[in-house]
Amino acid sequence: QVQLVESGGGWVQPGGSLRLSCAVSGSRFSVDDMGWYRQAPGKQRELVASITSVGITNYADSVKGRFTISRDNAKNTVYLQMNSLKPDDTAVYYCNIRVEIILRNYWGQGTQVTVSS
């Protein structure tokens, strides 16, 4: 069974930093795209950042220059370094992976990020 375990969420003051991790286990096939989504109460889930198997990245305009996505294929882990956090970044952050060969998406359990004074 494929499992995605997220960690690193919490509360920080504006301007602070957090690093989210998502460890993948149980996949019988190589993981293709990996990404982070977020969802605030009453809002649509949105893509924050994604990274392909060869390291091509994509970011939402709202986080460019502040967030960095990376992956360690040997550990099957994807990270999201979040700097200069703003209150608008407050949301539940979800890890997502794509296994293209079986046309499957998998989601992490979500981790709360709260940015406030």
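Small disclaimer: the values here were computed from a predicted structure and weren't measured.

A. Layout of the environment of V78. Examined against the element boundaries, V78 turns out to sit in strand 8 (residues 77–82). Given the relative accessible area of 0%, V78 is considered buried. As a C-alpha pair, V78 and C95 span 17 residues in sequence and 8.2 Å in three-dimensional space. What V78 contacts, discounting residues up to four positions off in sequence, is L20, S21, C22, M34, W36, I51, I69, S70, R71 and C95.

B. View of the environment of S84. Structurally, S84 can be placed in the loop between strand 8 and strand 9 (91–99). C-alpha of S84 to C-alpha of F29: the two residues are 55 residues apart in sequence and 36 Å apart in space. Beyond its immediate stretch of four places on either side in the chain, S84 contacts G15, G16, S17, R66 and D89.

C. View of the state of the cysteines. Considering all chains together, one arrives at one disulfide under this definition. Sulfur-sulfur distance for the disulfide between C22 and C95 comes to 2.2 Å. Judged by the sign of its S-S torsion, about -85°, the cystine formed by C22 and C95 is left-handed. Note that C22 is positioned in strand 3 (residues 18–25) and C95 in strand 9, a separation of 73 residues in sequence. Here the two residues C22 and C95 agree in accessibility, since each one is buried.

D. Structural context of the sheet that holds strand 1 (residues 3–7). What the four strands build is an open sheet, ordered 1-3-8-7; its pairing is antiparallel. Every other strand in the sheet has two partners, leaving strand 1 and strand 7 (67–72) as the edge strands with one partner each. The sheet shows a mean angle of 15° between the axes of neighbouring strands, taken without regard to direction. Inspection of the sheet shows strand 7 paired to strand 8 by six bridges, in the antiparallel sense. Among the inter-strand pairings, T68 is bridged to a residue of strand 8, identified as Q81.

Rules behind the numbers
Residue numbering note: each chain is counted from 1, following its sequence as written. Given that this is a predicted model, residues contribute local features only at a pLDDT of at least 70 and side-chain atom pairs are listed and counted only at 80 or more, while totals for whole chains, interfaces and linings are drawn from all residues. Water and hydrogen atoms were dropped before computing side-chain values, which therefore reflect all heavy atoms in the structure. Helix and strand definitions here come from DSSP, where helices need a minimum of 4 consecutive H or I residues and strands a minimum of 2 consecutive E residues; each element is numbered from the N-terminal end. Working definition: with a 1.4 Å probe on protein chains only, accessible area under 20% of the residue-type maximum means buried, over 50% means exposed, and in between means partly exposed. Only heavy atoms matter for contacts: two residues are in contact if any of them lie within 4.5 Å across the pair. Counting rule for disulfides: a pair of cysteine sulfur atoms within 2.5 Å. Following DSSP output, two strands are said to pair if at least two bridges run between them. In this description, a line fitted to the C-alpha atoms serves as the axis of each element, helices being fitted only across the stretch in contact, and the angle between N-to-C directions of two axes falls anywhere from 0 to 180 degrees.

The quantities given are spatial measurements derived from coordinates; they are silent on function.
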